[in-house]
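Structural features, examined
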Amino acid sequence: MLDHQFGAVPAYPGQFDRANLLSRICVRPPYFALQNLHADDGTFWATATAEQPVTSETGPMQASEISRHGAICGLCTVALSFTDDERRYYLAQDAKYQGFANAAPYGSVVSFEARLLEKNKRQATAEIIVTSSGHALAHLRVTYTILQEASFKRLFRSRYSPTFSDFQWNRMPDPPAGEFSVSNETSIMTLKTVPEEACAGHFEHYPAMPVAVLMGQLGLVASREYDQPYRVESATMTASDFCWAGECVRFEVTPSSERGMYQCMALASDKIVSEMTLRLV
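The rules behind each value
Residues numbered from 1 in each chain as written. Predicted model: local features only at pLDDT ≥ 70, side-chain atom pairs only at ≥ 80, totals over all residues. Heavy atoms only, no water. Helix = DSSP H or I, 4+ residues; strand = E, 2+ residues; numbered from the N terminus. Expected span 1.5 Å × (residues − 1). Buried < 20%, exposed > 50% of the residue type's maximum accessible area, 1.4 Å probe, protein only. Phe/Tyr/Trp six-rings, centres within 6.5 Å; stacked < 30°, edge-to-face > 60°. Salt bridge = Lys/Arg side-chain N within 4 Å of Asp/Glu carboxyl O. pLDDT = per-residue confidence, 0-100. Contact = heavy atoms within 4.5 Å.

1. Thoughts on helix α2 (residues 63–81)
For α2, with 19 residues, the first-to-last C-alpha span of 27 Å sits near the 27 Å given by 1.5 Å per residue. A large share of α2 lies buried, amounting to 17 of its 19 residues.

Below, the structure written as structure tokens:
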């Protein structure tokens, strides 16, 4: 983790062109729900508040939602580093999450500060510092695959949905409920069909379940195993493919010998699309 002094978000410089930013990136409302957007000298700031229902996870915002907003802040700072106004798709490939105990009540304002660490034409890495009430909440490091809009549309043309609109929902719907089962030591949640609303704002006419939503579903399964109030102390995630609307998806969580440690994977149409190592405390 980089040396960083947690504290209050600095005074924001000037006005920010939200419309121009949205024209450059791949996500849209309601998945994009950041407020108080500001950028200066390679750093991007924003705030957000929790939208998801309260669970047994402690703190002002659940780790999956922190990851959602944090990853978006990261891709925003990457997008703003390009000198043109072209739209690109920034696909989260790898992410590391470190969480900290924070006494702020659920629903408190959460602040995000994203910095670009590395970038070339095909890949970029950003770090995101997350605070609430002036105290540390999380640190993320996210690596993105960068695709030009034309390349994305060519690669995923079979997933095009003319009826899938970015603005069908004014907020992210609650996570979809699935069927639970157990196989040996592995707990499983199955969604027979991924609903389009689980992909709201991600992406325009190409409904894919966001990686942060996948992480949240895996965390939900793990929390049933943990069976007491918890926070996510750490998570390491790798995404290899998308889970598309209409697919059957399975979330599998296997506990390790150390309490609170879990090996997790998400499978869409029986193909692994994401893997995660998770620690709850």
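2. Observations concerning the packing of aromatic side chains
Taken as a whole and judged by the stated rule, the model has eleven aromatic pairs. With centroids separated by 4.9 Å and ring planes inclined at 55°, the aromatic side chains of Phe152 and Phe156 adopt a geometry described as tilted. Judged by its relative accessible area of 0%, Phe152 falls in the buried class. When its relative accessible area of 16% is taken as the criterion, Phe156 is described as buried. Here Phe152 and Tyr206 contribute two aromatic rings whose centre-to-centre distance is 5.3 Å and whose plane-to-plane angle is 80°, an arrangement assigned as edge-to-face. Taken as a pair, Phe152 in helix α3 (residues 149–155) and Tyr206 in the loop between β8 (186–191) and β9 (208–209) lie far apart in primary sequence, 54 residues in all.

3. Focus: the pattern of salt bridges
Under the definition given, this model contains 17 salt bridges. Residues Asp84 and Arg88 are paired through a salt bridge, measuring 2.9 Å at the closest nitrogen-oxygen approach. Taking the relative accessible area as the measure of exposure, Asp84 reaches 25% and is therefore partly exposed. Between Arg250 and Glu252 there is a salt bridge; the shortest N-O distance is 2.7 Å. Of the residues examined, Arg250 reaches a relative accessible area of 22% and is grouped as partly exposed. Taken together, the shared-partner salt bridges connect Arg87, Glu149, Lys153 and Glu204 into one network.

4. Describing the confidence of the model for the protein chain
Of all residues in the protein chain, 94% attain a pLDDT of 70 or more, and the chain-wide mean is 92. Note that pLDDT drops below 50 for residues 1–14; the model gives that stretch 29 contacts with residues more than four away or on any other chain.

5. Quick look at the side chain of Gln52
Relative to the helices and strands, Gln52 is located in the loop between β2 (43–48) and α2. A relative accessible area of 12% means that Gln52 is categorised as buried. Dropping the residues within four chain positions of it, Gln52 is found in contact with Gln62, Glu65, Arg68, Tyr106, Arg171, Met172, Pro173, Asp174 and Pro175.

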